[in-house]
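# Structure assessment
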Amino acid sequence: MTSTIDYGNLMHRAMRGLIQEVLSDVQKDGLPGQHHFFITFDTMHPDVEIVDWLSDRYPGEMTVVVQHWFDNLDVTNDGFTISLNFGDNPETLYIPYDAIKTFVDPSVEFGLRFETQDEDETEVDVTVDEEAPMEEMVEPEDDMPKEAEVVSLDNFRK
């Protein structure tokens, strides 16, 4: 038995469970209202499954947007599978929850950031920013690129 409570890992599991629950609801009912997600994940995580050209293009990390077009969302206890469109090329990805670095829903100014400091320590940053509207930080849809693009989440930080 340990002499301390490992709050960091407990929060880590709880926040991954929150992502699983949100995605399970989307799998069942679709995206409600204006909700959409920016999900950044570690492309080098051993359980991530993406096509070679995506891992070559995004060695290290990649951000996907779940908004207008997605298909075949399948949520499990360990991760989720989703088909997304990359420049008119639908591709299927499997993303384990442990590979997720950030999960942001700019429609309600909600974000989670998982930062690994050591192999044993993970810091979780929960952001619900009520001062700076996300709309000012996100490009209008008309200006959004049609191809997959890594979105810098630095815009969402103060």
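Look a little higher up for the structure.
Here's what I pulled together on the structure shown here.

Helix and strand counts for the protein chain stand at two helices and eight strands. In the protein chain, the order of α-helices and β-strands from amino to carboxyl end is α-β-α-β-β-β-β-β-β-β. Counting every position in the protein chain, which comprises 158 residues, the buried fraction comes to 37%. Within the protein chain, contacts between residues separated by at least 24 positions form 54% of all contacts whose residues are at least 6 apart in sequence.

The next point concerns the environment of N85. Counting through the fold element by element, N85 comes out in strand β4 (residues 79–85). A residue is classified by how much of its surface remains accessible, and N85, at 34% relative accessible area, is partly exposed. The spacing of N85 and V64 is 21 residues in sequence and 9.9 Å in space, taken between C-alpha atoms. With residues near it in sequence (within four places) discarded, N85 still touches W69 and P90. Of the polar contacts made by the side chain of N85, one reaches the backbone nitrogen of D88; its length is 3.1 Å. Looking at N85, its side chain comes within polar contact range of the main-chain nitrogen of N89, at 3.0 Å.

Rules used in this analysis
Positions within a chain are numbered from 1, following the residues in the order the chain's sequence is written. Local features are withheld for residues below a pLDDT of 70 in this predicted model, meaning they are given only at 70 or higher, and side-chain atom pairs are given and counted only at 80 or more; totals for whole chains, interfaces and linings count all residues. Calculated side-chain values reflect all of the structure's heavy atoms, with hydrogen atoms and water omitted. The way it works is that DSSP assigns letters per residue, a run of H or I at least four long becomes a helix, a run of E at least two long becomes a strand, and they are numbered from the N terminus. Between buried and exposed lies partly exposed: a residue is buried under 20% and exposed over 50% of the maximum accessible area for its type, with that area taken using a 1.4 Å probe on protein chains only. Any two residues whose heavy atoms approach within 4.5 Å at even a single point are treated as in contact. Distance and chemistry together define a polar contact, namely a pair of N or O atoms within 3.5 Å, with one atom able to donate a hydrogen and the other to accept it when in protein, and with adjacent residues in sequence counting only for side-chain atoms on both sides.

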